[in-house]
Amino acid sequence: MLIKGESFVRLGEQITKVNLTERLDLILTESWQLFKAHCLYGRAPLHKEASFQHNFANIIEKVGTLYCFTKTEAFYVDLEYSIMKQTGFNKKVDVDIICELRNFELNEKVKAAIELKHTIKPGDATDIGRIGSYQDIHRLELLKELKTEGFDLCKFYMLANRKAFTDISQPETSGEDFPTYDSYVIKPGKVYSTVHSKVGDGIQLKFKHEYKFVWDSYEQPKRLYFLSVDM
């Protein structure tokens, strides 16, 4: 059944009544669902992380623009956004994707930082994927607290095609040091370090909040596993 024009108007009115942070969260949620469908049905190339970044950012930009209903609203996306070391990090950090939703009439804006992890390239080391995921989540936790940058939302997204990431690992492996299996919860205050990992010697990370790994797994039409974590 076709939706009448009046229904679209009511939809726009309902969404514009939602605060900007909630609307930005909705934009990212919808974009992730669309990106997963593109991956599964061959619309998005998957061979390298740059493809992940550019395809996902393109979807975010289109969805975000569609969710701007008035002439005073605008949506922006930027890639490789630099956070300089004087903001609290010991070195410059490049965030994979940032996006911003603005309402110029109300002089309001909200901003999101997004980190991506791509682990389906042949030869990618599982150790590096697990450790890198924890480093990205830890970085986003720090970014969320930076008042100078003003991030209202921070999100981590991961794309994998190996059960090594989604299933419980063998003892004395990187999977014990940095668990990513389905339903695992990062424990605040616990020190995660490279005890058994073959790479990343000396890495130690401690979190202030819990973060749960909830994988969305598909075996058909392609074997792909998707993860999203909110800060």
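Everything below is about the structure printed above this text.
Reading guide: rules and limits
Residues numbered from 1 in each chain as written. Predicted model: local features only at pLDDT ≥ 70, side-chain atom pairs only at ≥ 80, totals over all residues. Heavy atoms only, no water. Core = buried A, V, L, I, M, F, W, Y, C linked by side-chain atoms within 4.5 Å. Buried < 20%, exposed > 50% of the residue type's maximum accessible area, 1.4 Å probe, protein only. Helix = DSSP H or I, 4+ residues; strand = E, 2+ residues; numbered from the N terminus. Contact = heavy atoms within 4.5 Å. Expected span 1.5 Å × (residues − 1).

Mind showing me how you'd approach the nonpolar core here?
Taken as a class, soluble globular proteins show a tendency for nonpolar side chains to be buried jointly. With 32 residues, the main nonpolar core has F56 and I114 as its most contacted residues. Of all the elements in the fold, those that place two or more residues in this core are α2 (20-40), α3 (49-66), β2 (93-103), β3 (108-119), β4 (153-160) and β10 (224-230). Per element, the largest residue contribution to this core is 8 residues, and it comes from α2. Discounting chain neighbours no more than four positions away, the residues touching F56 are S31, W32, F35, I97, I114, L116 and Y157. Counting 31 residues, the second largest nonpolar core, distinct from the first, contains L140, L146, M158 and Y225.

Would you explain the environment of T173 in this entry?
The topology assignment puts T173 in the loop between α5 (163-166) and α6 (174-177). Its relative accessible area of 25% is what places T173 among the partly exposed residues. Placed 23 residues apart in sequence, T173 and H196 show a C-alpha to C-alpha distance of 5.1 Å.

Help me understand helix α4 (residues 126-145), please; the structure alone is not making it clear to me.
Given 3.6 residues per helical turn, the α-helix brings residues three or four places apart onto the same face. The end-to-end C-alpha distance of α4, which contains 20 residues, comes to 29 Å, matching closely the 28 Å that a straight helix rising 1.5 Å per residue would cover. Here α4 lies mainly inside the structure; 14 of its 20 residues are buried.

In this structure, what is going on with α3? I would like to understand it.
With 18 residues, α3 extends 26 Å between its outermost C-alpha atoms, agreeing within 8% with the 26 Å of an ideal straight helix rising 1.5 Å per residue. Buried positions along α3 lie against α2, β1 (73-83), β2, β3 and β4.

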